[in-house]
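Coordinate inspection notes
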Amino acid sequence: MKFATRHLLLATLSSLSLAAAGPALGQDAAPVATPAATAAPAPLADSVPSQLPRIARPSHYDIAVTPDAKALTFTGRAAIDLDLFESSRVITMNALDLTFASAGLAKADGSGKIPLTATVDAAAQTVTFTAPAALTPGKYKLTTDYKGVINTQANGLFALDYPDKATGEPRRGLFTQFEAPDARRFVPSFDEPSYKATFTLTATVPADQLAVSNMPVEHEMPAANGMKMVHFGTSPKMSSYLLFFGVGDFERMAKKSESGAEVGIVSPKGSGEQARFALDSLGPLLTYYGDYFGQPYPLPKLDNIAGPGQSQFFGAMENWGAIFTFERILLDDPAITSEATRQGIYGVQAHETAHQWFGDLVTMAWWDDLWLNEGFASWMATKVTDHYHPEWQPLLTRVDGRERAMGLDAYKTTHPILQTIRTVEDANQAFDAITYQKGEAVISMLEAYAGEDVWKGGLRRYMAAHKYANSRTDDLWNAVEAAGAKGLTGIAHDFTGQPGIPLIRMTGSRCEGGANVISVTQGEFSRDRRDTIDAEGHRWQVPMLVRAAGGQEQRVVVEGGKADIRVPGSCGATVLNGGQLGYFRTLYTPEALDALRGGFASLEPIDQLGLISDNFALSIAGYQPMGAALGLLAAAPTDANPYVLTEAAGRYAQLHATFDGDAATQAAIAARGAAALRPALTRLGFDPKQGEPALDAVLRADVIRALGAMGDAAVLAEARRRFALLDSDPKALDGPAKGLWLDIVATNASAADWDKLHALAQASKSTVERSTLYTLLGAAKDDALAQRALDLSLTAEPGKTTSAAIIGRAARHHADTTVAFVDAHQAEVDKLIDASARVRFLASLAMNSDDPAMIAALEKKAAGLPADVRKPYERTIAVLKEQAESKPRIQAETKAWLAAK
């Protein structure tokens, strides 16, 4: 799953009679051979209250559903083949928001029918089926009729409303989202990843609509009242969270791929060629991954389904054979899709397609090992993007990913990559930058340690050994070590089993025999425990690639907390994290940092990015003065790599925002930012050029955005000029920069501007444009306009999946007002947020507050919450406390540096 932020989820399903369901619910032959289950999954070593009793295991689900999209309900029947491993009167499964009409049990051959009573435990999210007497161990078929609800947020079976692309008439599509634990909203199930089974789905839907699931349609047959029954083929053995169903006024663009599987993009009718870019990209991904993992894609088709709308939690989901992606990051609409979004479309699809192997074919045994899915999908997506689109320079994005992970990992509220999941809320919160970006960073480091060929060989061993089954993290390390990466497991345990960030301190260097001998020690980097963290004793075996400015390299592993590193051939500037593949911070001596600053222009772009990011983090945390980081920022050439200039643009804009209310200092920062960035804008211009490099288009937008944030008069005037064109031509801004210019206008909007944006939103027939415009209504710096946006969010006008985005956008400039508004309308706001994202969303709204009273208010709120629920509040509190403590020092040191230059 691609988490949206992060990047993420969820909802429920149904009850039918056999007659209404059409064909008998018999199990079809599975399309691939999968190993049979012989025992229940082993329980975790520690008791996990959310796990089911280990007395039974499903082998097949035969599900029939009839959704009522208008009433937002559905009915269903499930026939579940299962093995009972010990005598018991009860069989407990997961179920949520389901009501049961009947249930029965029979032997696998259909004999010995036994009535069952169904008892729902809403708090535990279970249903217990009870027989009149104890059941003997053996094979059974449990059949039940039930009813469920269709949600309006992305949980379980959910509805998305949108305007028809041609007429603007209202349309409603239905989709499912089951990760982490929400298949239980659709069907009573053993809703844990280790309970793999095959699935057959039959859906009764309107005859003029398109239904889609994991497998191709086997047959359709007419039903009464303008309906049809759609019967899908039987899936391979998979976890319940990977099941998918969707239905609506859709169209499908498809073709055969080189892998042999058919690939398709399913989207709202009228999408047309907007699906082409994603479709053309999808087939080659299957070919690349199949070759890399040594396992061909095993399903007959792979669809990517475009859902209109958005989620606060996720952007896409890797359902096996039926990826779900929100339309804004799947369809390439020339009227509004930017180049950065276009590259994002590719990256998201690459991530979800990688999951077809890492996550779907081989699945983690329990949510503790979620990173095996997400970290590897993120890493693989970057690798395949570099293969097919090297012109995008995707390897440089790994620095930004690492920084997002370290942004969480530097606080005491962090957690290891391998974390203990005990509750549903724990599982929901596991989808974060530690799981995704730290996971990718550690994998990149370990691949460099093992070597590409050895690493690939290990992954192929792992896939072959665990396909159609479940695995633990150590299964992977064992496979890679067996392929030749000796010593990797110990390093991997250090970085996945304990939280935090190693800090490599350079304590000195000397020239000796034609080599540079560099002395380092290893501690731990922290934002909120800098003076005490090293005493806690975390130690890592740290792989390092030390790179001299002249190109000489030395690979070492720092063990025992210190090392002397001998780099032959050069005593000049040296980068201690060459290629930025190491997951650690590097604190240089002032002399060594001066040497790097002096030779900054000659360093590799990835090392330029890493040095700027590292040194800003170290300066902000107080390990060195702000001048150390600001000096490196000033050393970035005006013709640097586009990613380096984008990093510089973001840093200047952040510094500018830090001095909100101090006009003189903001003016000094804006002047420096303009001097650094305007040469690039002069070269690029405000408008795209035919055939220009893709990264130029991305850089143009990033520079304009940063200059606009700093109040650049020319950029603001250009934004207003373009906005005025809409008065005579509603399509005047159509193109890749449309969202950028509207964002600048919205942020600085007057009441008249706000009304104009509002009218544009109301008139739009494009789901993506409409949600973008409504969200921008929350961007205004003006207090009164922000309040109007918040009030609008509680109405039906923006759409149920857009309102939360308005609230989130308002919180950027009006955190205190937004938090107070949400507190006053909690019940209404809760309906606008995915259930799995609710706590994180609410806690994040306060992140930009600079009112000390906010910390106390959050602490009071968190104190009354269960331990698993209050974690997001504890993270926000930790950040706000550290920012309140460090901001005066950062401001003083920045002013001193500006005055000295």
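In the block above lies the structure referred to throughout.
1. Some thoughts on the overall build of the protein chain
Looking only at helices and strands, the protein chain features 27 helices and 29 strands. Along the first, second and third principal axes, the C-alpha atoms of the protein chain reach 85 × 70 × 55 Å. When the 901 residues of the protein chain are sorted by exposure, 60% land in the buried category. Accessible surface, the protein chain as shown: approximately 32,000 Å² in total, 54% of it carbon and sulfur. In the protein chain, 86 side chains carry a positive charge and 103 a negative one; their mean positions are 1 Å apart.

2. Some details on the state of the cysteines
Joining two cysteines, a disulfide is a covalent bond between their sulfur atoms. Per the stated rule, a full pass over the model turns up 1 disulfide. Note on cysteine connectivity: Cys-511 is disulfide-linked to Cys-571, with sulfurs 1.8 Å apart. Linking Cys-511 in strand 23 (residues 501-512) with Cys-571 in the loop between strand 27 (562-568) and strand 28 (574-575), this pair joins segments that are 60 residues apart in sequence.

3. Focus: the side chain of Asn-373
Positionally, Asn-373 belongs in helix 4 (residues 370-388). Judged by relative accessible area, which is 0%, Asn-373 ranks as buried.

4. A short note on the nonpolar core
The biggest cluster of nonpolar side chains holds 270 residues, and the ones touching the most others in it are Ile-63, Phe-186, Phe-245, Tyr-289, Trp-367, Phe-376 and Trp-455. Ranked by residues supplied to this core, first place goes to helix 2 (residues 276-293) with 10 residues.

5. Details of helix 17 (residues 713-725)
Here helix 17 spans 19 Å end to end across 13 residues, near enough to the 18 Å set by a 1.5 Å rise per residue. Those residues of helix 17 hidden inside the fold are in contact with helix 15 (663-684), helix 16 (694-709), helix 18 (738-747) and helix 19 (751-763).

6. Regarding helix 12 (residues 605-620)
Taking 1.5 Å of rise per residue, 16 residues should cover 22 Å, and helix 12 covers 23 Å from first to last C-alpha, within 8% of that figure. The element helix 12 is extensively covered by neighbouring structure, given that 14 of its 16 residues are classed as buried. Positive phi shows up at Gly-622, right after helix 12, with a value of about 90 degrees.

7. Regarding the packing of aromatic side chains
Remark: the centre distance and the inter-plane angle together describe each pair of aromatic rings, the angle taken between the planes. For the structure on display, the rule yields 38 aromatic pairs. Sitting over the face of the ring of Phe-525, Arg-585 holds its NZ or CZ atom 5.2 Å from the ring centroid.

8. A word on the sheet that holds strand 7 (residues 126-135)
In space, the 3 strands of this open sheet follow the order 3-7-6, with antiparallel pairing throughout. Every other strand in the sheet has two partners, leaving strand 3 (88-94) and strand 6 (117-121) as the edge strands with one partner each. In this sheet, neighbouring strand axes are inclined to one another by 25 degrees on average, regardless of whether the strands run parallel or antiparallel. Taken together, the 5 bridges between strand 6 and strand 7 define a ladder with antiparallel strand orientation. Within strand 7, the position partnered with Ala-118 by the bridge is Phe-129.

9. Section: the environment of Ile-504
Within the element layout of this structure, Ile-504 appears in strand 23. A sequence separation of 57 residues divides Ile-504 from Gly-561, and the C-alpha atoms of the two residues are 9.0 Å apart. In contact with Ile-504, not counting residues within four places along its chain, are Val-520, Thr-521, Gln-522, Val-542, Met-544, Leu-576, Phe-584, Arg-585, Thr-586 and Leu-587.

10. Quick look at the sheet that holds strand 28
In space, the 3 strands of this open sheet follow the order 26-25-28, with antiparallel pairing throughout. Each edge of the open sheet carries a strand with a single partner, namely strand 26 (553-558) and strand 28. With 2 bridges connecting them, strand 25 (residues 542-548) and strand 28 associate as antiparallel partners. Bridge assignment links Arg-547 to a residue of strand 28, and that residue is Val-575.

11. A few points about the pattern of salt bridges
In this structure the tally under the stated criterion is 53 salt bridges. When the shortest N-O distance is used, the salt bridge between Asp-696 and Arg-683 registers 3.7 Å. With Asp-696 in helix 16 and Arg-683 in helix 15, this residue pair connects regions lying 13 residues apart in the sequence. Accessibility expressed as a relative area gives 48% for Arg-683, which makes it partly exposed.

12. Description of the environment of Leu-299
Counting through the fold element by element, Leu-299 comes out in the loop between helix 2 and strand 18 (301-307). Note on Leu-299: relative accessible area 4%, which makes it buried. In this view, Leu-299 contacts Asn-214, Met-215, Pro-236, Ala-261, Trp-320 and Gly-321; residues no more than four positions away in its chain are not counted.

13. Here we look at the pairing of strand 4 (residues 99-107)
Pairing between strand 4 and strand 8 (residues 138-149): 8 bridges, direction antiparallel. Residue Phe-100 lies in a different strand from strand 8, and its bridge partner there is Tyr-146. Pairing between strand 4 and strand 5 (residues 114-115): 2 bridges, direction antiparallel. Note on strand 5: the bridge partner recorded for Leu-105 is Ile-114. The hairpin formed by strand 4 and strand 5 contains 6 residues between the paired strands, and Gly-110 there has a positive phi angle of roughly 95 degrees.

14. A word on the pairing of strand 24 (residues 515-525)
With 10 of its 11 residues buried, strand 24 lies for the most part within the structure. Where strand 23 lies against strand 24, 11 bridges are found, and the strand directions are antiparallel. Directly across from Cys-511, in strand 24, lies its bridge partner Asn-516. In sequence, strand 23 turns back onto strand 24 through a hairpin of 2 residues, with Gly-513 there showing a positive phi of about 60 degrees. Here strand 24 pairs with strand 27 via 7 bridges, running antiparallel. The residue bridging Val-517 from the neighbouring strand is Arg-566, located in strand 27.

15. Quick word on the packing of helix 19 against helix 21 (residues 783-793)
Relative to each other, helix 19 and helix 21 sit at 25 degrees, their axes nearing to 11 Å. Between helix 19 and helix 21, the angle is such that the two are roughly parallel. Here the hand of the crossing between helix 19 and helix 21 comes out right-handed. Taken together, the residues of helix 21 that come into contact with helix 19 (itself represented by Ala-751, Trp-754, Asp-755 and His-758) are Leu-785, Arg-788, Ala-789 and Leu-792. Of the residues that constitute the contact of helix 19 with helix 21, the class distribution is 5 nonpolar, 1 polar and 2 charged.

How each quantity is defined
Residues numbered from 1 in each chain as written. Predicted model: local features only at pLDDT ≥ 70, side-chain atom pairs only at ≥ 80, totals over all residues. Heavy atoms only, no water. Helix = DSSP H or I, 4+ residues; strand = E, 2+ residues; numbered from the N terminus. Buried < 20%, exposed > 50% of the residue type's maximum accessible area, 1.4 Å probe, protein only. Areas by Shrake-Rupley, 256 points an atom, 1.4 Å probe, with all protein chains shown as cover. Lys, Arg positive; Asp, Glu negative; His and termini not counted. Charge placed at Lys NZ, Arg CZ, Asp CG, Glu CD. Disulfide = S-S within 2.5 Å. Core = buried A, V, L, I, M, F, W, Y, C linked by side-chain atoms within 4.5 Å. Expected span 1.5 Å × (residues − 1). Contact = heavy atoms within 4.5 Å. Phe/Tyr/Trp six-rings, centres within 6.5 Å; stacked < 30°, edge-to-face > 60°. Lys NZ or Arg CZ within 6 Å of the ring centre and 35° of its normal. Pairing = 2+ DSSP bridges. Axes fitted to C-alpha atoms, helices over the stretch in contact; angles between N-to-C directions. Salt bridge = Lys/Arg side-chain N within 4 Å of Asp/Glu carboxyl O. Parallel < 35°, antiparallel > 145°, perpendicular 65-115°, else oblique. Left-handed = near helix turned anticlockwise from the far one by under 90°. Nonpolar A, V, L, I, M, F, W, Y, C, P; charged D, E, K, R; others polar.

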